[in-house]
Amino acid sequence: MKVAVIGTGRVGLPLALSLIDCGAQVLGVDLSEQTRHAINVERRMPFDEPGYDELAASGKLHITGNIRDAADCDYFIVTVGTPLRAHIETDLSFVTKVIESICEFLAPGQTIVMRSTTAPKTTAFVASLIESRTFHKVGRDVFLACCPERIVEGKAREELHQLPQIIGTEDSASAQSAERLFALLGAEPLHCNWATAELVKLFCNVSRYAYFGVINALSMIALDQNVEPHEVIELANRDYPRKLHGKPGFTAGTCLRKDFGMLAENYWSGGFLTEIWRINESLPKYLVDLAKNRYGTLNGKRIAVLGYSFKRDADDVRDSLAPKLIRYLSRETPASIVVSDHHLSVNHIEPCPGLQFTPDMDTALRNADFIFIATNHTLYIDQRDKILATVNRGARVIDIWDTCGQNRATIDTESLARQKSFQLRRTAA
Ligand SMILES: NC(=O)c1ccc[n+]([C@@H]2O[C@H](COP(=O)([O-])OP(=O)(O)OC[C@H]3O[C@@H](n4cnc5c(N)ncnc54)[C@H](O)[C@@H]3O)[C@@H](O)[C@H]2O)c1
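Calculation criteria
Residues numbered from 1 in each chain as written. Predicted model: local features only at pLDDT ≥ 70, side-chain atom pairs only at ≥ 80, totals over all residues. Heavy atoms only, no water. Salt bridge = Lys/Arg side-chain N within 4 Å of Asp/Glu carboxyl O. Helix = DSSP H or I, 4+ residues; strand = E, 2+ residues; numbered from the N terminus. Near = heavy atom within 4 Å. Polar contact = N/O pair within 3.5 Å; in protein donor to acceptor, adjacent residues only side chain to side chain. Domains from an automatic or database assignment. Expected span 1.5 Å × (residues − 1). Contact = heavy atoms within 4.5 Å. Buried area = accessible area lost by both parts, 1.4 Å probe. Nonpolar A, V, L, I, M, F, W, Y, C, P; charged D, E, K, R; others polar. Phe/Tyr/Trp six-rings, centres within 6.5 Å; stacked < 30°, edge-to-face > 60°. Buried < 20%, exposed > 50% of the residue type's maximum accessible area, 1.4 Å probe, protein only. Pairing = 2+ DSSP bridges. Right-handed = clockwise from strand over helix to strand, strands pointing away. Axes fitted to C-alpha atoms, helices over the stretch in contact; angles between N-to-C directions.

Participant: Before we move on, could you go through the pattern of salt bridges and cite the residues and values that matter?
Facilitator: Applying the stated criterion across every chain, the model contains 29 salt bridges. For Arg294, the salt bridge goes to Glu228, with nearest N and O atoms at 3.9 Å. Of this pair, Arg294 sits in helix H11 (residues 272–295) while Glu228 sits in the loop between helix H8 (194–224) and helix H9 (229–237), and the two are 66 residues apart along the sequence. Of the charged contacts in the structure, one is a salt bridge between Arg327 and Glu350, with a shortest N-O distance of 2.7 Å.

Participant: Describe the site of the ligand, listing the residues and the values that go with them.
Facilitator: Around the ligand, the structure places 24 residues, and the nearest of them are Val11, Asp30, Thr82, Thr117 and Lys258. In the environment of the ligand, an oxygen atom lies 3.1 Å from a nitrogen or oxygen atom belonging to the backbone of Arg10. Arg318 places a polar side-chain atom, nitrogen or oxygen, 3.0 Å from an oxygen atom of the ligand. Among the domains, domain 1 (2–193) and domain 2 (203–428) are the pair contributing at least three residues each to the shell around the ligand.

Participant: Any chance you could break down H11 for me, citing the residues and the numbers?
Facilitator: End to end, H11 covers 35 Å across 24 residues, agreeing with the expected 34 Å (1.5 Å per residue, within 8%). Immediately downstream of H11, the backbone of Gly296 shows phi near 90°, a positive value.

Participant: How would you summarise the domain arrangement of the protein chain if you had to cite specific residues and measurements?
Facilitator: Splitting the protein chain by domain gives domain 1 (2–193) and domain 2 (203–428). Contacts between the two partners involve 17 residues from domain 1 and, on the opposite side, 16 residues from domain 2. In total, domain 1 and domain 2 occlude about 1400 Å² of area from one another, counting both sides; carbon and sulfur atoms represent 54% of this. Of the charged contacts in the structure, one is a salt bridge between Asp315 and Arg10, with a shortest N-O distance of 2.9 Å. Our enumeration of links across domain 1 and domain 2 arrives at seven residue pairs in polar contact (both at pLDDT 80 or more). In terms of residue class, the side of domain 1 that touches domain 2 is built from seven nonpolar, four polar and six charged.

Participant: Please give an account of the packing of aromatic side chains that cites residues and values.
Facilitator: Applying the stated criterion across every chain yields a total of five aromatic pairs. Taking 5.8 Å as the distance between ring centres and 55° as the angle between the ring planes, the aromatic pair formed by Phe76 and Phe105 counts as tilted. Residue Phe76 is located in strand S4 (residues 75–78), and its partner Phe105 is located in the loop between helix H4 (93–103) and strand S5 (111–114); the two are separated by 29 residues in the primary sequence. Like Phe105, Phe76 is buried. When the centroid spacing of 5.2 Å and the interplanar angle of 35° are considered together, the rings of Phe260 and Trp277 count as tilted. In this pair, Phe260 is assigned in helix H10 (residues 256–266) and Trp277 in helix H11, connecting sequence segments 17 residues apart. On the basis of relative accessible area, Phe260 is assigned to the buried category, the value being 2%.

Participant: Hey, could you go over the environment of His136 for me, with residue numbers and the actual values?
Facilitator: Inspection of the secondary structure puts His136 in the loop between helix H5 (122–133) and strand S6 (143–146). Counting along the chain gives 30 residues from His136 to Leu106, while the straight-line C-alpha distance between them is 8.5 Å. When residues no more than four places from it in sequence are discounted, the contact partners of His136 are Leu106, Ala107, Pro108, Glu131, Asp141 and Val142. Reaching out from His136, the side chain makes a polar contact with the backbone oxygen of Leu106 at a distance of 2.8 Å.

Participant: Outline the pairing of strand S8 (residues 189–192), listing residues and values.
Facilitator: In terms of strand pairing, strand S7 (residues 165–168) meets S8 through four bridges, oriented parallel. Bridge pairing in S8 places Ile167 opposite His191. Handedness of the crossover joining S7 and S8 through helix H7 (residues 172–183): right-handed.

Participant: Account for H5, with residues named and values stated.
Facilitator: Relative to the 16 Å expected for 12 residues at 1.5 Å per residue, H5 spans 16 Å between its end C-alpha atoms, a close match to the ideal helical length. If you follow the buried residues of H5, they end up packed against H4, S5, S6 and H8.

Participant: Could you give an account of the sheet that holds strand S14 (residues 410–411), naming the residues involved and the relevant values?
Facilitator: One open sheet accounts for six strands, arranged S11-S10-S9-S12-S13-S14; its pairing is mixed. Pairing within the sheet leaves two strands with one partner each, and these edge strands are strand S11 (355–358) and S14. In terms of strand pairing, strand S13 (residues 396–398) meets S14 through two bridges, oriented antiparallel. Counted as the bridge partner of Ile398 is Thr410 from S14. The strands touched by helix H15 (residues 384–392) within the sheet are strand S9 (302–306), strand S12 (370–373), S13 and S14, with S13 carrying the most contacts at an inclination of about 135°.

Have a look at this one:
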């Protein structure tokens, strides 16, 4: 079986390597010279994704920059980006360009698999594009399936085999063809039509985005009342079966931050999601204002920001809310802002006047007056004592994730003492 994976990014590259591991002959296609160089020449993953280093080093995957090299493949899996434009509109230009290129050589018997996240009716648009650019009829001459990717970054190696595979098709030949492809991975096939597959994927992400939005709203409402959100969540969930989901914190990343837009763009009933977007997006500024309200001005202060990637223990900065936090902090004209993230290098950091970067947490903590924890990396949980030690010399920690385990969104000497006496009373009771 010859497979072309078009767009070997965070989704396409692990998939390509897993398919090779399962016996397929795979050709990657990507416009990025950096990605091609990493795989073809250096034989290394261009980003962190556990479990793939050996496969990348094996040299079994080649990535070409010319899609025509893939013309004789049985399958074309489309894994290019589907970002939102600046306003509420999905950018389908990457998908359109790839499909138009495939149409230049598409031959009877070949199958196109749409794996990028798309709004309902996008696969129908792709079918109509194919039929308008070729003499082929989808379902008769060539085949088309919508098989969205549902893995989470960091777990691709296991989840590509474990998660059932949604296979959206409108005819049985396309369904069978797509099922043969994913049988290689051993994924259980779940058949449906195009729009159902698109909606399944979208709502997997949108529901996560929404429940983080609810928890973030709870947190901001609670903090306005001088109530600790983590205490509300803990009490609400203790021995209660219908639990609140998630923890407060920066909710973003390339998928969650955009996928709701595909619904808000197309359906009036999706409009409520824009309000959830506003809630999640307002958290960085809210935390800057919270620090000011509780501790006074940030002007002239030395600030450390711990974490910059959009999610815990990842090296992916796309659509992270940390740069937004830093932009708001810089408006307060502090003496310095030092950002630290041991998963990243300085090249990942968006330039901002006066901003310094260090991968070393200790360097960032040294002399900081305020410490904002932007990402809940495991390192900060493991080394919370070091962070808390800064409080004893007068630093203030803004810890919406509760990485320090104090049940406090802001930590200072007073709140530390209160927490200690609360724990003592609890132990005594
Ligand atoms: N990242 C995730 O965890 C995740 C999970 C599930 C679904 N998705 C969805 O999968 C899709 C891809 O996401 P991603 O995170 O892998 O994006 P990405 O930006 O990491 O990868 C896309 C790749 O496509 C390449 N590309 C763009 N145009 C091309 C073209 N014309 N020909 C060949 N290559 C081209 C880019 O160079 C890039 O390497 C998106 O629709 C996304 O929403 C992502």
